[in-house]
Amino acid sequence: MASSSMSSSIFNQPHSALRIKFHGRYPFNLKLLAASSSSSSKPQFTYIYRLHHTLKRTALSFKFSRSLSHSSLPLSTKTEIPTLHHFMAHAHAQVQAEAASEPQVERVFEYVGRSPVNILLSGLGKVEGRSDFGKVSFRSDWPESAPQGLPRGRIYHETYGCQMNVNDMEIVLSIMKKSGYSEVVDVPESAEIIFINTCAIRDNAEQRVWQRLNYFWFLKRHWKSNVKIGRSQSLHPPKVVVLGCMAERLKDKILDADKMVDVVCGPDAYRDLPRLLEDVDYGQKGINTLLSLEETYADISPVRISKNSISAFVSVMRGCNNMCSFCIVPFTRGRERSRPVESIVKEVAELWNEGVKEVTLLGQNVNSYNDASGVEKEVEPGANWKLSEGFSSKCKVKNMGSRFADLLDRLSTEFPEMRFRYTSPHPKDFPDELLYIMRDRYNICKSIHLPAQTGSSTVLERMRRGYTREAYLDLVQKIRSIIPDVGISSDFICGFCGETEEEHKDTLSLVKAVGYDMAYMFAYSMREKTHAHRNYEDDVPDDVKQRRLSELIEAFRESTGQCFDSQIGSVQLVLVEGPNKRAPDTELIGKSDRGHRVLFTKLPIMDRVGNDGERNPRVGDYVEVCIKKSTRASLFGDALAITNLSSFYNNMHEEAVACANSS
């Protein structure tokens, strides 16, 4: 028979090897030992069949190898050994048929041959057996599937870029944990798997990633010597995995980098990571950077990186449709899609039960949230989709469902003692309904990130932002008229393609006119695939970009001091995050509603929540703080009492009077 002759020909060769794939999840070692011959003229030798398991239900690999004590002797002088005729033919069918059987099963494999063999199997469970001329039988107590606690490799992870990447890393850890990779270590030298989650927004971020990849490559390439001298403690050379936006943008370059990276996985393909890692075991490169129109990971509960934290981040939508000319996000993160409201409410409820007091809702364009999962009928593109007055969008909405204001309404109502923030929004998606819900709900923080990017209308047009300087200033005025004590932050880019000195001065004047609480400011970095890369020239010299950036930072510092000074004399509700690192024994630090950092002395104060008299504030407490002084980055005050959200805002007027009297 073909299979018999094949196996005979293979195993009649010294140092031969054969791989057979079976379906199932039964990791073990199988040894078939030839019976010892009484004749001294015939050598004693052993066949060893060893299984290297992969814990994948769809494929399991047996590797067979033979070792002979006298392999140079002619074949005719060697003891005749059973072939693998029926063993090979029936094993796959038997294991597949019994995959769903009870843990205690008897497996019988036909074995053609005239010599008895002893069966030794080791691995998961106890296994015994023997073959007498033609049949091998054994019984095992292997479980139907590999136990969840079986270690499959320790994970080390690093994350660069935005908070969305941090949240993505938590999703990745959850996916890996379900596949048996449950142990996370603090240093790459102790890991068998190294994840690096990347950012492609600016060149500086990519350069930092390449530096780290060089070190990880060193750990992998020189693993034996690193273990010998004690630098590495990993059990085998680590597999290096690149995740995130840079993975999608530079996948070919990364994989070609002298075997530096084993797996490249884009933001929408994290569910595929266990399979990609398994491909590496078979000598393949693992790559999946396909973008999705549906993936939101709504059904995955992230593994929180910050343990026992009182604040958390929840992703509510992914992708971006804005297509700004400078931005790579639509090409690395794909188009917008939103999680169903119910899945978000469920995750927030879990966080509340874990003691989380503040949740930040995340999205590349978070306030364009649109849960159309329950909408069956298409509407006319753009119908009833309200934008900020004077703003436009290149992308029309086909199905309109629950918008961001609806989501905030639902969350703030169901969790009245939890504080909510969100980032990062686009100025075009601030309809009046959103502003009014922020004003009316005390547990929605009065802090708005309003990325301007530039103060010049001509540069805004080249950036394809969909608004003018005048429209932006009108929106700022409207926001402050509806929410008087709101804090506003922003993003700015210096030296965009073709930017003149006059256009740069427009940005400086905008910063002074608005008066931002905080701003992220960067020199422009051209990104491949973007509209600017295809149509514009990066013609502003680097030294000019840096000079303009310095001027912008100075203009911001002058105006932000006024924002902080305006808080002196007010009572702020501060969520305690921990001790002040500069004075850990005497001071606590937390954030106010507007996102300002507030420091105060740790002293016993009245506990209005537990009615337990006085006690020291703890991490996770809401504390009323009367602000006494400020710097350009922090506020300092005196703690008045421990309270909760609803009580504070009900009694806010009384506390303002008390603070004024104490001053």
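This text follows the structure it describes.
Here's a quick rundown of the structure. (Residues numbered from 1 in each chain as written. Predicted model: local features only at pLDDT ≥ 70, side-chain atom pairs only at ≥ 80, totals over all residues. Heavy atoms only, no water.)

Quick word on the overall build of the protein chain
For the protein chain, the helix and strand inventory stands at 19 helices and 30 strands. In the protein chain, which comprises 663 residues, the proportion classed as buried is 52%. A separation threshold of at least 6 residues defines the contact pool for the protein chain, and within that pool the share at least 24 residues apart is 71%. A total accessible area of about 30,500 Å² is found for the protein chain, and carbon and sulfur atoms account for 50% of it. (Helix = DSSP H or I, 4+ residues; strand = E, 2+ residues; numbered from the N terminus. Buried < 20%, exposed > 50% of the residue type's maximum accessible area, 1.4 Å probe, protein only. Contact = heavy atoms within 4.5 Å. Areas by Shrake-Rupley, 256 points an atom, 1.4 Å probe, with all protein chains shown as cover.)

Section: the pattern of salt bridges
Across all of its chains, the model carries 41 salt bridges by this definition. A salt bridge links Arg337 to Asp268, with the shortest nitrogen-to-oxygen separation between them at 2.4 Å. With a gap of 69 residues between them, Arg337 in strand 16 (residues 337-338) and Asp268 in the loop between strand 12 (263-265) and helix 8 (273-281) connect regions that are remote in the sequence. The pair Arg337 / Asp268 is uniform in exposure class, with both members buried. (Salt bridge = Lys/Arg side-chain N within 4 Å of Asp/Glu carboxyl O.)

Concerning the nonpolar core
If you look at the biggest cluster of nonpolar residues, it comprises 57 residues, and the most contacted ones within it are Leu361, Tyr422, Ile448 and Tyr516. Tallying contributions element by element places helix 14 (residues 469-482) first for this core, with 6 residues. Among the nonpolar cores identified, the runner-up in size contains 22 residues, and Ile175, Met176, Ile193 and Val241 belong to it. (Core = buried A, V, L, I, M, F, W, Y, C linked by side-chain atoms within 4.5 Å.)

Quick look at the sheet that holds strand 22 (residues 487-494)
The 3 strands lie next to each other as 21-22-23, forming an open sheet whose pairing is parallel. Every other strand in the sheet has two partners, leaving strand 21 (447-449) and strand 23 (518-523) as the edge strands with one partner each. Across the sheet, the mean angle separating the axes of adjacent strands is 10° when strand polarity is ignored. For strand 22 and strand 23, the ladder comprises 6 bridges, and the chain directions are parallel. The partner of Asp491 across the bridge, within strand 23, is Tyr520. Against the sheet, helix 17 (residues 542-565) makes contact with strand 22 and strand 23, and its axis sits at roughly 170° relative to strand 23, the strand it touches most. (Pairing = 2+ DSSP bridges. Axes fitted to C-alpha atoms, helices over the stretch in contact; angles between N-to-C directions.)

Description of the sheet that holds strand 12
Within the open sheet, the 5 strands sit side by side as 9-10-11-12-13. Their pairing is parallel. At either end of the open sheet lies a strand with only one pairing partner, and these are strand 9 (155-159) and strand 13 (286-288). Strand-to-strand twist in this sheet, taken as the mean axis angle between neighbours without regard to direction, amounts to 15°. Strand contacts of helix 4 (residues 203-221): strand 9, strand 10 (193-198) and strand 11 (239-244), with the helix running at about 170° to strand 10, the strand carrying the most contacts.

With respect to the pairing of strand 22
Burial of strand 22 is extensive: 8 of the 8 residues sit out of reach of the surface. Going residue by residue along strand 22, you find Gly487, Ser489, Asp491 and Ile493 tucked away on one face and Ile488, Ser490, Phe492 and Cys494 tucked away on the opposite face as well. In this view, the connection linking strand 22 to its parallel neighbour strand 23 by way of helix 15 (residues 501-514) has right-handed handedness. (Right-handed = clockwise from strand over helix to strand, strands pointing away.)

As for unusual backbone geometry
Glycine aside, residues mostly have negative phi, and peptide bonds are mostly found in the trans state. Here Thr423 and Ser424 are connected by a cis peptide whose omega angle stands at 5°. By the element assignment, Ser424 lies in the loop between strand 20 (419-423) and helix 12 (432-440). For Tyr297, which is not glycine, the phi torsion reads 55° and is therefore positive. A relative accessible area of 2% means that Tyr297 is categorised as buried. Non-glycine residue Met323 carries a positive phi angle of around 55°. Within the secondary structure, Met323 sits in the loop between strand 15 (317-318) and helix 9 (329-332).

A word on the packing of helix 15 against helix 17
The contact between helix 15 and helix 17 brings their axes to 8 Å, and the two run at 20°. Judged on the interaxial angle alone, helix 17 and helix 15 are roughly parallel. Handedness of the crossing formed by helix 15 with helix 17: right-handed. Contacts between helix 15 and helix 17 involve Glu501, His504, Thr507, Leu508, Val511 and Lys512 from the former and Val544, Arg547, Arg548, Glu551, Leu552, Ala555, Phe556, Glu558 and Ser559 from the latter. Taken together, the residues of the contact of helix 15 with helix 17 sort by class into 6 nonpolar, 3 polar and 6 charged. (Parallel < 35°, antiparallel > 145°, perpendicular 65-115°, else oblique. Left-handed = near helix turned anticlockwise from the far one by under 90°. Nonpolar A, V, L, I, M, F, W, Y, C, P; charged D, E, K, R; others polar.)

Concerning the pairing of strand 10
Here strand 10 lies mainly inside the structure; 6 of its 6 residues are buried. Alternating residues of strand 10 divide into Ile193, Phe195 and Asn197 and Ile194, Ile196 and Thr198, and every residue in both groups is buried. Taken together, strand 9, helix 3 (residues 163-178) and strand 10 constitute a β-α-β crossover, and its handedness is left-handed. In this structure, strand 10 lies alongside strand 11, joined through 6 bridges in parallel fashion. Residue pairing across strands places Ile194 opposite Val240, the latter belonging to strand 11.

Without other data, these values stay purely geometric and don't point to any function.
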